[in-house]
Protein chains: 2
Amino acid sequence: MKIASEKTIERLSLYRRLLRVAKGAGQMSVYSHDLAEMVRGTAAQVRRDLMEIGCAGNSKKGYDVDNLIDAISEFLDSDDVTPVALVGVGNLGRALLQFFESHHPKLKIVAVFDNDPEKSGRVIHGCRCYGMSEMPVVVAGKKITVAVLAVPVGAAQNAAKQLEEAGVRGILNFAPEPLRVGPSVAVENMDMTMALEKVAYMARQNNSKENGAK
Amino acid sequence: MKIASEKTIERLSLYRRLLRVAKGAGQMSVYSHDLAEMVRGTAAQVRRDLMEIGCAGNSKKGYDVDNLIDAISEFLDSDDVTPVALVGVGNLGRALLQFFESHHPKLKIVAVFDNDPEKSGRVIHGCRCYGMSEMPVVVAGKKITVAVLAVPVGAAQNAAKQLEEAGVRGILNFAPEPLRVGPSVAVENMDMTMALEKVAYMARQNNSKENGAK
């Protein structure tokens, strides 16, 4: 398996999404500068990224949209559907379950975990809910290596530790809490509180610039 | 208003969250290297960030936790509560409404918008839901400059345009779709699909490293 930088993976994921939109609109080929404009990057960057996955464009026609989607998918996706666990089935967890169900065919949430005994054994949006103590058995049995963490703040570190011990090697963390895990576990933080604070700060900057300019 | 880089704002937001946890645990002072460890950064970076908001530590005792929280809050927050709009009250929107309600006292969702006429006029988690056509009047009346966008893919660009025209200057975007807005609007993308793809890719890398090492 070839190793790409995190930033490259992010961009490839974004290119593919935009290429699918372009394909849906009937577009057959695309230039690096078109893709660059869509992702607010440079054409040179786009060409480097695509070269890394073995795709070269044609100076006349650019890149073939279908080929590019296939090449990115071959690079990013596993051959099979990747089974994913969701931990924490509160309001946010349920919303994420539905969101990911409809947005990604190759990543599938196959088990949900919650420490509420009332939820254990229930089927939520088509997914069986297990107690936290069942995690080692279920994660091993379903060969789960990826998890989405949507537990309340204060419960995330403990859940992450349990996931790591059960064999999970990548965690998408929605709890506003940094996780301490070993080097063999990748963590991506979806820090919604920080993001909203940042946007509010920048909105205030933009607003005072406008008012100052008047 | 002083202008800080986006990355600095992100780190200040994170420091404050960790300082509040430390304060809750009874900690009175903190060293730059403690904060650095918590955010996986360097002590020099922490000191630079805190210098930027006028805070200098003491080589013996480090920084006073209370002072630091106050200084960061003074820098990041508006004096008043910042009114926020939420656009799109599907499952994700509802979950976000609850999430932000409980996580941030200075940022308050005061109005929700949805294009479903059945939702118009209803009160959802204490928030009045308005139709999209009411946006200009409501946004101006409530002095809203920040919005959370949780509409389905395909509807985001249009909603962002309407928000911009109504006077919103910062958008936290949960739709997996890049937004085209003017330079006076800050956009922060919470790209959950991309984040999950990335984590899945890295988990696969970690897994094959472990298996290769065996």
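Bear in mind the structure is a predicted one, so any value in this text is a computation, not a measurement.

Novice: Can you walk me through the overall build of chain A in this structure?
Specialist: Looking only at helices and strands, one finds eight helices and nine strands in chain A. If you line up chain A on its principal axes, its C-alpha atoms span 60 × 55 × 35 Å. Across the 214 residues in chain A, those meeting the buried criterion constitute 54%. Within chain A, counting contacts between residues at least 6 apart in sequence, those at least 24 apart form 57% of the total. Within the structure as shown, chain A displays about 10,100 Å² of accessible surface, and the carbon and sulfur contribution to it stands at 52%.

Novice: I'm lost on the interface of chain B and chain A in this one. Help?
Specialist: The figure often quoted for interface size is the accessible area lost as the parts come together. At the junction of the two partners, chain B supplies 67 residues and chain A supplies 67 residues. The contact between chain B and chain A buries some 6,400 Å² in all, and 67% of this surface belongs to carbon and sulfur atoms. The largest contributions to the chain B side of the interface with chain A come from L196, K198 and Y201 of chain B, which together make up 11% of the buried area. Put simply, chain B and chain A have twelve salt bridges between them. The residue E197 of chain A makes a salt bridge to R16 of chain B at a minimum N-O spacing of 2.7 Å. Where chain B touches chain A, the interface holds 27 residue pairs in polar contact (both at pLDDT 80 or more). Examining the composition of the side of chain B that touches chain A, we find that 18 residues originate from one element, helix 8 (residues 192-213) of chain B, more than from any other. The class makeup of the residues in the side of chain B that touches chain A is 37 nonpolar, 14 polar and 16 charged.

Novice: Can you help me understand the relation of the copies chain B and chain A in this one?
Specialist: Each of the two copies of the chain can be brought onto the other by a rotation about an axis and a shift along it. You can overlay chain B on chain A at an RMSD of 0.0 Å; the transform is a turn of 180° with a shift of 0.0 Å along its axis. Between the two chains, the operation in question is that of a two-fold axis. Interface overlap between copies is the fraction of interface residues in one copy that are interface residues in the other; for chain B against chain A it reaches 100%, indicating a shared surface.

Novice: Just to check I follow, could you spell out the pairing of strand 6 (residues 127-130) of chain A for this structure?
Specialist: Successive residues of a regular strand alternate their side chains across the two faces of the sheet. All names here are of chain A. Pairing between strand 4 (residues 107-113) and strand 6: two bridges, direction parallel. Considered in strand 6, the bridge of V112 is made with C129. Pairing analysis gives two bridges linking strand 5 (residues 123-124) to strand 6, with the strands arranged antiparallel. From the neighbouring strand, V123 faces strand 6, where its bridge partner is R128. Counted along the chain from strand 5 to the antiparallel partner strand 6, the turn is two residues long, and its residue H125 has a positive phi close to 50°.

Novice: Where do I start with the sheet that holds strand 4 (residues 107-113) of chain B in this structure?
Specialist: Consider a sheet: its strands pair through backbone hydrogen bonds, and that pairing is either parallel or antiparallel. All names here are of chain B. Overall, mixed pairing links the seven strands, which are arranged 5-6-4-3-7-8-9 in an open sheet. Each edge of the open sheet carries a strand with a single partner, namely strand 5 (123-124) and strand 9 (186-189). As paired strands, strand 3 (residues 82-87) and strand 7 (residues 146-149) are joined by four bridges and run parallel to one another. What sits directly across from V87, in strand 7, is L149. Strand contacts of helix 5 (residues 91-103): strand 3, strand 4, strand 5, strand 6 (127-130), strand 7 and strand 8 (170-173), with the helix running at about 155° to strand 4, the strand carrying the most contacts. Relative to the sheet, helix 7 (residues 156-166) contacts strand 3, strand 7 and strand 8, its axis offset from that of strand 7 by approximately 170°.

Novice: Whenever I open this one, unusual backbone geometry confuses me. Can you help?
Specialist: Trans is the prevailing form of peptide bonds, just as negative phi is the prevailing case for residues other than glycine. Residues and elements named next belong to chain A. Positive phi, close to 50°, is recorded for H125, a residue that is not glycine. Locating H125 in the fold gives a position in the loop between strand 5 and strand 6. Positive phi, close to 55°, is recorded for K143, a residue that is not glycine.

Novice: Please explain the packing of helix 1 (residues 6-24) of chain B against helix 4 (residues 65-76) of chain B as it appears in this structure.
Specialist: All names here are of chain B. Between helix 1 and helix 4, whose axes approach to 10 Å, the crossing angle comes to 145°. Between helix 1 and helix 4 lies a crossing of left-handed hand. For the pair formed by helix 1 and helix 4, the contact residues are I9, L12, S13, Y15, R16, L19, R20 and K23 on the first element and V65, D66, L68, I69, I72, S73, F75 and L76 on the second. Classifying every residue of the contact of helix 1 with helix 4 gives ten nonpolar, two polar and four charged.

Novice: Whenever I open this one, the packing of helix 1 of chain B against helix 3 (residues 43-52) of chain B confuses me. Can you help?
Specialist: The description of two helices packed together rests on the angle between their axes and the distance between the axes. Residue and element names in this part refer to chain B. Where helix 1 meets helix 3, the closest approach of the two axes is 11 Å, and the angle between their N-to-C directions is 95°. Relative to helix 3, the element helix 1 lies roughly perpendicular. The residues of helix 3 that touch helix 1, namely those facing T8, R11, L12 and Y15, are Q45, V46, D49, L50 and E52. For the contact of helix 1 with helix 3, the residue count by class is four nonpolar, two polar and three charged.

Novice: Looking at this model, I keep getting lost on the sheet that holds strand 6 of chain A. Mind explaining?
Specialist: Residues and elements named next belong to chain A. Pairing is mixed across the open sheet formed by seven strands, whose spatial order is 5-6-4-3-7-8-9. Each having just a single partner strand, strand 5 and strand 9 (186-189) make up the two edges of the open sheet. Seen against the sheet, helix 5 (residues 91-103) touches strand 3 (82-87), strand 4, strand 5, strand 6, strand 7 (146-149) and strand 8 (170-173) and runs at an angle of roughly 155° to strand 4.

Novice: Mind showing me how you'd approach the domain arrangement of chain A here?
Specialist: Assigned domains within chain A: domain 1 (6-76) and domain 2 (82-193). Put simply, the middle of domain 1 of chain A and the middle of domain 2 of chain A, counted by C-alpha atoms, are 31 Å apart.

Definitions and cut-offs
- Position numbers for residues count from 1 along each chain, tracking the sequence in the order it is written.
- Lettering of chains starts at A and numbering of ligands starts at 1, both following the order in which they are written.
- Confidence filtering applies because this is a predicted model: local features only for residues at pLDDT of at least 70, side-chain atom pairs given and counted only at 80 or more, and all residues used for totals across whole chains, interfaces and linings.
- Just so you know, side-chain values use all the structure's heavy atoms and leave hydrogens and water out.
- Helical segments are the DSSP runs of H or I of at least four residues, strand segments are the runs of E of at least two, and each set is numbered from the N terminus.
- Burial classes follow relative accessibility: with a 1.4 Å probe on protein chains only, a residue under 20% of its type's maximum area counts as buried, one over 50% as exposed, and anything between as partly exposed.
- Should any heavy atoms of two residues lie within 4.5 Å, those residues are considered in contact.
- Surface accessibility in these figures is a Shrake-Rupley result with a 1.4 Å probe; residues are shielded only by whichever protein chains are displayed.
- When two parts are brought into contact, each loses some accessible area as probed by a 1.4 Å sphere; the total of that loss over both is the buried area.
- The term salt bridge refers to a pairing of a side-chain nitrogen on Lys or Arg with a carboxyl oxygen on Asp or Glu at a separation within 4 Å.
- In the analysis that follows, any N or O atom pair within 3.5 Å is treated as a polar contact, provided that within protein one partner can donate a hydrogen and the other can accept it, and provided that, for residues neighboring in sequence, both atoms belong to side chains.
- Basically, the charged four are Asp, Glu, Lys and Arg, the nonpolar ten are Ala, Val, Leu, Ile, Met, Phe, Trp, Tyr, Cys and Pro, and anything else, Gly included, counts as polar.
- The superposition of copies rests on a least-squares fit of C-alpha positions from residues with pLDDT of 70 or more in both.
- Strands are labelled as partners when DSSP assigns at least two bridges between them.
- Between N-to-C directions, angles cover 0 to 180 degrees, with each direction set by a line fitted to C-alpha atoms, over the stretch in contact for helices.
- Left-handed describes a crossing whose near helix is turned anticlockwise from the far helix by less than a right angle; the clockwise case is right-handed.
- To sort the angles, those under 35 degrees are grouped as roughly parallel, those over 145 as roughly antiparallel, those from 65 to 115 as roughly perpendicular, and the leftovers as oblique.
- Per the annotation, domain bounds derive from an automatic or database assignment of domains.

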